[in-house]
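Structural overview
Okay, here's what each chain looks like letter by letter:
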Amino acid sequence: MSLILHSPLDMHLHLRDEKMLENIAQASAHTFAGGLIMPNLVPPITSKEEVVAYKQRILKAIGKEQFTPYMTLFFKSDYDKAFLESVSEEITAIKLYPAGITTNSEGGVSGFDIEALRGTLETMSELGIPLCIHGETNGFVMDREAEFVSIYEKLASAFPKLKIIMEHITTKESVEALDRFENLYATITAHHLMITLDDVAGGMLRPHLFCKPIAKRPEDREALRKAALSAHPKVMFGSDSAPHPQHAKESCGCAAGVFTAPIALQILAELFEKEAASQEKLQAFICGNAEKIYGIKAQPKKVVLEKKPFKVPQRYNGVVPMYAEEEISYSIKEVHSGQ
Ligand code: DOR
Ligand code: ZN
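Here is a short report on the structure shown in this document. As the structure is a prediction and not an experimental result, all values here were calculated from the model. Every residue gets a number counted from 1 within its own chain, in the order that chain's sequence is written. Working convention: letters from A go to chains and numbers from 1 go to ligands, in the order in which they are written. Confidence filtering applies because this is a predicted model: local features only for residues at pLDDT of at least 70, side-chain atom pairs given and counted only at 80 or more, and all residues used for totals across whole chains, interfaces and linings. The basis for the side-chain values is all heavy atoms of the structure; hydrogens and waters are excluded.

A separate point is the overall build of the chain. Numbering of helices and strands starts at the N terminus; helices are DSSP runs of H or I of at least 4 residues and strands are runs of E of at least 2. Scanning the chain for helices and strands turns up 12 helices and 11 strands. To get the radius of gyration, use the C-alpha atoms; to get the globule rule, take the number of residues to the power 0.38 and multiply by 2.2 Å. By the compact-globule yardstick of 20 Å for 339 residues, the chain fits well, its C-alpha radius of gyration being 19 Å. Projected onto the principal axes, the alpha-carbon positions of the chain cover approximately 55 × 40 × 40 Å. Remark: exposure states derive from per-residue accessible area (1.4 Å probe, protein chains only) relative to the maximum for the residue type, with buried under 20%, exposed over 50%, and partly exposed in between. By residue count, 57% of the 339 residues in the chain fall in the buried class. Working note: accessible area of the chain is about 13900 Å², and carbon and sulfur atoms make up 51% of it. Neither His nor the chain ends contribute to the count of charged residues, in which Lys and Arg are positive and Asp and Glu negative. The atom standing in for a charge is NZ when the residue is Lys, CZ when it is Arg, CG when it is Asp and CD when it is Glu. Taking the average location of the 37 positive side-chain charges in the chain and that of its 44 negative ones, the two points are 4 Å from each other. Surface accessibility in these figures is a Shrake-Rupley result with a 1.4 Å probe; residues are shielded only by whichever protein chains are displayed.

Spelled out as structure tokens, the structure:
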């Protein structure tokens, strides 16, 4: 049995830089038609020159693969209008991190004083630049995302024309917020559709499943599944595939991030089949919704998956993927780029 996906898009992707970029870029570029590239490098991407240069490094790393890197800028509250106008042609969105909330986010926003953010957000709204947010407070780890919903609501009502994307949502509260504000959208990862906190820490600690936001309760996963499997039109796939070297994960201070790029499509195919969701819904979740939300047109790519067990390798160039050495039920059969 085979399944054809057209032009899959990964609307939240960490490709990193230098050796890591070279090691992992192909894993996404082979099966995806494009991805929204996160800017949390060290230092983060905050200028037009850096966006352009990083895009060139990505294109070099992906070599012959046909893949569009949709670039982002790291949010700063002091970006002025002239700068945003000039950078807008190079970027698809701006990513906002609360300061210190996750990997390489130290230069992010502290305190969430809407007045302090107003200048940049009004200009983004005027220029039609979407705002992607890592929505977690610095509260208790299981409550951080639910607590952030009130900040999403304040932002959504203060800037009704600004498209706000709640990144990698993990809670039922975030799913519910989607329907309360016209300008709120969300990405959902593959791993948050598969796991709960039990899988991370309910038995032996599984560092390769540790990420931010942390996986939550079964009822939260249920709400995420409902939104993804029904291809809720305001929801799109964003893997948050976040590679770290094996030693940084298997360490007493484990880095946050799950590396799913090489297996994301296969496990989504498996989930949609298991839950009897249609291929059309998967296609919308993986491409169509993102095209509409971002107003982009993915380049042509046809990915043929087949129902054939695939043993996930222990490592991809030194990075341990989700489900390493386990068997998943779908494999990538062929990929055709172009029309
Ligand atoms: O788990 C995560 N890893 N969450 C993020 O938000 C960032 C990411 C990373 O860059 O490693
Ligand atoms: Zn991320």
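Moving on: the coordination of the zinc ion (ligand 2). Ideal geometry at a metal centre: 109.5 degrees between donors when four sit tetrahedrally, and 90 or 180 degrees when six sit octahedrally. Listed donor atoms are N, O and S within 2.8 Å of the metal (Na, K and Ca: 3.2 Å). As water is not included, a site may look incomplete. Distances from the zinc ion (ligand 2) to its protein donors, His-12 (NE2), His-14 (NE2) and Asp-240 (OD), fall within 2.0 to 2.1 Å. Spacing between the donor residues of the zinc ion (ligand 2) along their common chain follows H-x1-H-x225-D. Highlighted residues: His-14 in the loop between β2 (9-13) and α1 (18-31) and Asp-240 in the loop between β9 (235-237) and α10 (246-249), separated in sequence by 226 residues. Like Asp-240, His-14 is buried.

With that out of the way, let us pick up the pairing of strand β3 (residues 34-37). Of the two faces of β3, the one lined by Gly-34 and Leu-36 and the one lined by Gly-35 and Ile-37 are each fully buried. In this analysis, strands are considered paired if DSSP registers two or more bridges between them. Pairing of β2 with β3 involves 3 bridges; the strand directions are parallel. In the strand pairing of β3, Leu-13 is matched with Ile-37. As defined by bridge partners, β3 adjoins strand β4 (residues 68-74) across 4 bridges and the pair is classed as parallel. Residue pairing across strands places Leu-36 opposite Tyr-70, the latter belonging to β4.

Right, let's talk about helix α5 (residues 144-158) for a bit. Its 15 residues give α5 an end-to-end C-alpha distance of 22 Å, which sits within 8% of 21 Å, the value for a rise of 1.5 Å per residue. If you look at α5, its biggest bend is around 25°, right at Ser-150. By the burial criterion, the buried members of α5 are Arg-144, Glu-145, Phe-148, Val-149, Ile-151, Tyr-152, Leu-155 and Ala-156. Lining the buried residues of α5 we find α4 (114-127), β6 (131-133), β7 (164-166), α6 (172-178) and β8 (184-188). One less than the residue count of a helix, multiplied by 1.5 Å, gives the span that helix is expected to have. For a residue, the bend is simply the angle between two axes, fitted respectively to the seven-residue segment ending there and the seven-residue segment starting there. Throughout, a residue-residue contact means that at least one pair of heavy atoms, one from each residue, lies within 4.5 Å.

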